[in-house]
Amino acid sequence: MHQHMNMNMNMDMSNNSPMSQKLLSTSALPQGMNLPTLANLKNESNQEGVFEATLHLKSTKITLTPDLTTEFWTYNGMIPGPKIEVFEEDHVKITVKNELTQPTTVHWHGLLIPSDQDGNPQNEIPAGGSRTYEFTIPKGTAGTYWYHPHGHNTVAEQVYRGLAGTFIVRSKHDPLASLPEQHWFFSDLKLTDKGQIADNSMLDWMNGREGQFVLINGCYRPKIKIDSATRIRVWNSCSGRYLNLSIPNCDVYLVGTDGGLLAKPYLLTKPLLLTPAERAELIIMPKQTSTVYLQSIGYDRNKMGNVPPEQDIILGELTLTKSEPITLPNTLNHLPNMGPAVAHKLLEYTEVMDMKEPRGGVLFLINGKRHDMSRIDLKSKIHDIEEWTIFNNSHMDHNFHIHGAQFIVQSHELNGKKTQPEYIALKDTINLRPHEKLTIKIQQNLPGLRMYHCHIIEHETTGMMGQLMVE
Ligand code: C2O
Ligand code: CU
Ligand code: CU
């Protein structure tokens, strides 16, 4: 039976076999290689405004060191999957060949496309099967997106075995187009001492998986050179790892979030928290010629079980060359001015113990329910401006992600204290502290079924997900 979680209990799940596996030492992977650029998915169409390509999902052996070959699941044989780059209003046609032994879908995270093309778990591509996704990129949606599997019950494993890739939508009138650009795609890798991808432990299922290696563009602790004001697109594609990015000796401006550019640049004065699935666009201006560590600063997200607080970790090495600061444009984007809300919704996150659940023994629920593919949890009227309040009534941080729309955060409320966001931004994923109440404004402009869920991918896979019908 379900029981309410007693948070004072002393759970030691660390030797809960068969999940406890010996892990590879972090000194086993080489570090300090130059940051690789992301390979592009080649456009096979020569028609103006059309992007056509094929993704093959398959098991791929990748040699990480001369004596270590690891089997990943990949898109087109690479980690991360190939980078898709298109322009607003382009027509995209991507054929997916599923050569895995289990069903999958491809979800185009953050893109505003029809629900039947968005890789819902109801629309799986069977093992050995294929399908073509086809959609047109709406005008005004230039931004930093990504793609990953979204099948039923399989997402956590498919993501930790390597399936994820980047998707950039460009605008022909990009105010920052003249700047050099880099891409930092963060992913997480957990290897056994045999160099194979480890299964999830009980703690991984509870807290979200974290491996011993954080990779950037598939590379462990790379060297990154920045010698002038540079635009950086950053993705957190980790299953459960929170990144709290610190970039020393630089002025760092946040210029874009999940759904595109901010209205104006925002100078960061503290590390940038990026929870799983969030993206950011930064302008980095080195103030000092120096070599420094790119780090994730320990962020306490109140995990369950006997887990020590998060340490600072080194992500890479930055070689900075002092350069003349540049003046950024004052106006970057015109964000939609959402009017008053005509409908309100309330979501509540809770946790229950469930020892019948082999994956972690804890379930995280939305409005008391576990995901059910045949149940519609909420309904929205197409084009209605809605206000959603999401209340994290649990003991750990979770984030909130919804398909089909970019929302704007209105307020945060924690311990009875209400605060306004520091900047207005287009978001499809946002963190909630324990007991935080978040209010967003959102408008769904396409009909059909949309998922919303926590993007700690283990929570999503074990059912912390609901379904919205837009009609
Ligand atoms: Cu990144 Cu529902 O997904
Ligand atoms: Cu999504
Ligand atoms: Cu969660």
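What you see is a predicted model; the values in this text were computed from it and never measured. Every chain is numbered on its own, with residues counted from 1 as its sequence reads. Written order determines the labels here, with chains lettered from A and ligands numbered from 1. Reporting of local features is limited, given that this is a predicted model, to residues whose pLDDT is at least 70; pairs of side-chain atoms are given and counted only at 80 or more, and all residues count toward the totals for whole chains, interfaces and linings.

**Considerations on the pairing of strand E20 (residues 290–296)**
For a regular strand, side-chain orientation follows a simple rule: the groups alternate between the two sheet faces. In plain terms, the rule: DSSP calls a pair of strands paired once it identifies at least 2 bridges connecting them. Each helix corresponds to a stretch of at least 4 residues labelled H or I by DSSP, and each strand to a stretch of at least 2 residues labelled E; elements are numbered beginning at the N terminus.
Both strand E15 (residues 243–246) and E20 contribute to a ladder of 2 bridges, which runs antiparallel. Within E20, the position partnered with Ser 246 by the bridge is Gln 295.

**Section: the environment of Asn 399**
Convention followed: Residues are defined as contacting one another if the C-beta atoms placed from their backbone atoms lie within 7 Å.
Structurally, Asn 399 can be placed in strand E26 (residues 398–402). Apart from the residues lying within four places of it in its own chain, the contact partners of Asn 399 are Thr 275, Pro 276, Thr 429, Ile 430, Asn 431, Leu 432, Cys 454, His 455 and Ile 456.

**Section: the confidence of the model for the protein**
This is how the line gets drawn: You can read pLDDT as the predictor saying how much it trusts each residue, on a scale of 0 to 100.
On average, the protein scores 94 in pLDDT, and the residues at 70 or more come to 96%. This complex was scored by the predictor with a pTM of 0.95 and an ipTM of 0.99.

**Concerning the domain arrangement of the protein**
The condition that has to hold: Residue ranges assigned to the domains are those given by an automatic or database domain assignment. Polar here means any residue outside two lists: the nonpolar Ala, Val, Leu, Ile, Met, Phe, Trp, Tyr, Cys and Pro, and the charged Asp, Glu, Lys and Arg; Gly therefore counts as polar.
The domain boundaries assigned to the protein delineate domain 1 (31–170), domain 2 (181–320) and domain 3 (343–470). A C-alpha centroid distance of 23 Å is found between domain 2 and domain 3. In this assembly, 25 residues from domain 2 lie in contact with 25 residues from domain 3. Broken down by secondary-structure element, the contributors of at least two residues to the side of domain 2 that touches domain 3 are helix H2 (202–207) and strand E17 (260–267). Residue composition of the side of domain 2 that touches domain 3, grouped by class: 10 nonpolar, 9 polar and 6 charged.

**Details of the sheet that holds strand E4 (residues 81–87)**
The condition that has to hold: Structural elements are reduced to axes, namely lines fitted to C-alpha atoms, with helices fitted over the stretch in contact, and the angle between N-to-C directions of any two is expressed from 0 to 180 degrees.
One open sheet accounts for 4 strands, arranged E4-E9-E8-E6; its pairing is mixed. Both edges of this open sheet fall to E4 and strand E6 (107–109), since each of them pairs with a single strand only. The sheet shows a mean angle of 25° between the axes of neighbouring strands, direction not considered. By the bridge criterion, 5 bridges tie E4 to strand E9 (residues 165–170) in an arrangement that is parallel. Considered in E9, the bridge of Glu 85 is made with Ile 168.

**Considering the sheet that holds E26**
The strand order E24-E32-E31-E26-E29 describes an open sheet built from 5 strands, whose pairing is mixed. Strands at the two margins of the open sheet, each flanked by one partner only, are strand E24 (378–380) and strand E29 (429–432). The average undirected angle you get between the axes of adjacent strands in this sheet is 25°. Note: strand E31 (residues 448–453) against strand E32 (residues 465–470), 6 bridges, orientation antiparallel. When the bridges of E32 are listed, Gly 448 appears paired with Val 470.

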